[in-house]
Amino acid sequence: MGADTRRLLQQVQILQARAEDAENRNRRNNVRILGLPERVEGSTPEAFAEQLIKDVLRPTTLSNFFVVERAHRIPTRPLPPGAPARPFIMRILNYRDRDAILLTARQRGDITYENTRLSFYPDFTAEIQKKRKQFAEVRARLREKNVKYAMIYPCRLRVQDGETVRFFTTPEEASDWIDRTLNARPHR
């Protein structure tokens, strides 16, 4: 491989990283809801989303200017009958309101609407979601051992080990640490 080819490949990688970062920054105020039954939003999904947040979550820290700028389903066409409901995306005007919604949803845990369980998540690109999903087994092991953790943007695992905070960039690092450290301790 020639020097020009290597240089071009490096430039492509840099531009891909910039595009990924720009897309995720553009999604900063989005909330992704999973489990919301199809067509409940009607013809005014923004008004429905605002009322859903107020009725179902009842967050106490929303600003006086709480507004859902846009709301829609993805992908654009409904799925066949019996398929899971499509994700519902809403863009919140104020990022503080978005953070309050996600925090309230996390604290409440079980959230239902019309007898279906709802899950609230930040809206990341497919690439970031794929990277974060790789930590699923590690997160399950940490929950089992009652260890506090959080995913840090874009894809780092932060673990609270007593007074110490540890960061992991790969699931293998975290799994090795669990095997060496947590499995040696008595179960809490």
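Residues numbered from 1 in each chain as written. Predicted model: local features only at pLDDT ≥ 70, side-chain atom pairs only at ≥ 80, totals over all residues. Heavy atoms only, no water.

It is not clear to me how the sheet that holds strand 6 (residues 148-152) should be interpreted in this structure. Could you clarify?
Two modes of strand pairing occur in sheets, parallel and antiparallel, and in both the strands are linked by backbone hydrogen bonds. If you trace the 3 strands from one edge of the open sheet to the other, you get 6-7-8, paired in antiparallel fashion. Lying at the two open borders of the sheet, with one neighbouring strand each, are strand 6 and strand 8 (164-168). Direction aside, the axes of adjacent strands within the sheet are offset by 20° on average. As paired elements, strand 7 (residues 156-161) and strand 8 share 5 bridges and run antiparallel to each other. Paired with Arg158 across the strands is Phe167, a residue of strand 8. (Pairing = 2+ DSSP bridges. Helix = DSSP H or I, 4+ residues; strand = E, 2+ residues; numbered from the N terminus. Axes fitted to C-alpha atoms, helices over the stretch in contact; angles between N-to-C directions.)

Explain the environment of Leu142 to me, please; I cannot follow it from the model alone.
Tracing the sequence through the fold places Leu142 in helix 5 (residues 136-144). Assessed through its relative accessible area of 1%, Leu142 is described here as buried. Through-space distance from the C-alpha of Leu142 to that of Thr116 is 27 Å; in sequence the pair is 26 residues apart. In contact with Leu142, other than residues within four places in its own chain, are Val147, Tyr149, Leu157, Val159, Trp177, Ile178 and Leu182. (Buried < 20%, exposed > 50% of the residue type's maximum accessible area, 1.4 Å probe, protein only. Contact = heavy atoms within 4.5 Å.)

What exactly am I supposed to notice about the packing of aromatic side chains here?
One pair of aromatic rings is described through two measures. These are the centre distance and the angle between the planes. Scanning all chains against the criterion turns up 4 aromatic pairs. Between Phe168 and Trp177, the aromatic rings sit 5.6 Å apart at their centres with planes inclined by 45°, giving tilted as the arrangement. Take Phe168 and Trp177: they sit in the same class, and that class is buried. In this structure an aromatic cluster arises from ring pairing among Phe48, Phe88 and Tyr113. (Phe/Tyr/Trp six-rings, centres within 6.5 Å; stacked < 30°, edge-to-face > 60°.)

I keep staring at the pattern of salt bridges and nothing clicks. Help me out?
Side-chain pairs of opposite charge can arise where the charged atoms are in close proximity. Taken as a whole and judged by the stated rule, the model has 14 salt bridges. When the shortest N-O distance is used, the salt bridge between Glu23 and Arg27 registers 2.9 Å. Here Arg32 makes a salt bridge to Asp123, at a shortest N to O gap of 2.6 Å. Here Arg32 is found in strand 1 (residues 30-34), whereas its partner Asp123 is found in the loop between strand 5 (116-122) and helix 4 (126-133), with 91 residues between them in sequence. Across the pair, exposure class does not vary: Arg32 and Asp123 are buried alike. (Salt bridge = Lys/Arg side-chain N within 4 Å of Asp/Glu carboxyl O.)

Mind showing me how you'd approach helix 2 (residues 45-57) here?
Every α-helix carries 3.6 residues per turn, so stepping three or four residues along brings you back to the same face. If you check helix 2, its first and last C-alpha atoms are 17 Å apart, about what 13 residues at 1.5 Å a residue would give, namely 18 Å. Against strand 1, strand 2 (68-73), strand 3 (88-92), helix 3 (95-108), strand 4 (111-113) and strand 5 lie the buried residues of helix 2. Positive phi appears at Arg58, one or two residues downstream of helix 2, with a value of about 50°. (Expected span 1.5 Å × (residues − 1).)

I keep staring at the side chain of Arg132 and nothing clicks. Help me out?
Residue placement: Arg132 occurs in helix 4. Nearest to the buried, unbridged Arg132 among oppositely charged side chains is Glu20, at 9.7 Å. Within polar-contact distance, the side chain of Arg132 engages the backbone oxygen of Pro154 at 2.8 Å. Beyond its immediate sequence surroundings of up to four residues, Arg132 is in contact with Phe124, Arg139, Met151, Ile152, Tyr153, Pro154 and Cys155. (Lys, Arg positive; Asp, Glu negative; His and termini not counted. Polar contact = N/O pair within 3.5 Å; in protein donor to acceptor, adjacent residues only side chain to side chain.)

Sorry, what's going on with unusual backbone geometry here?
Where the residue is not glycine, phi is negative for most of them; where a peptide bond is considered, it is trans in most cases. Following Tyr153, the chain continues into Pro154 via a peptide bond in cis, with omega recorded as 0°. When you line up the elements, Pro154 lands in the loop between strand 6 and strand 7. With a phi angle near 50°, Glu114 is a residue other than glycine that sits in the positive phi range. The residue Glu114 is located in the loop between strand 4 and strand 5 in this model. Look at Glu114 and you get exposed, because its relative accessible area is 52%. Of note, the phi angle at Asn146 is positive, near 55°, even though the residue is not glycine.

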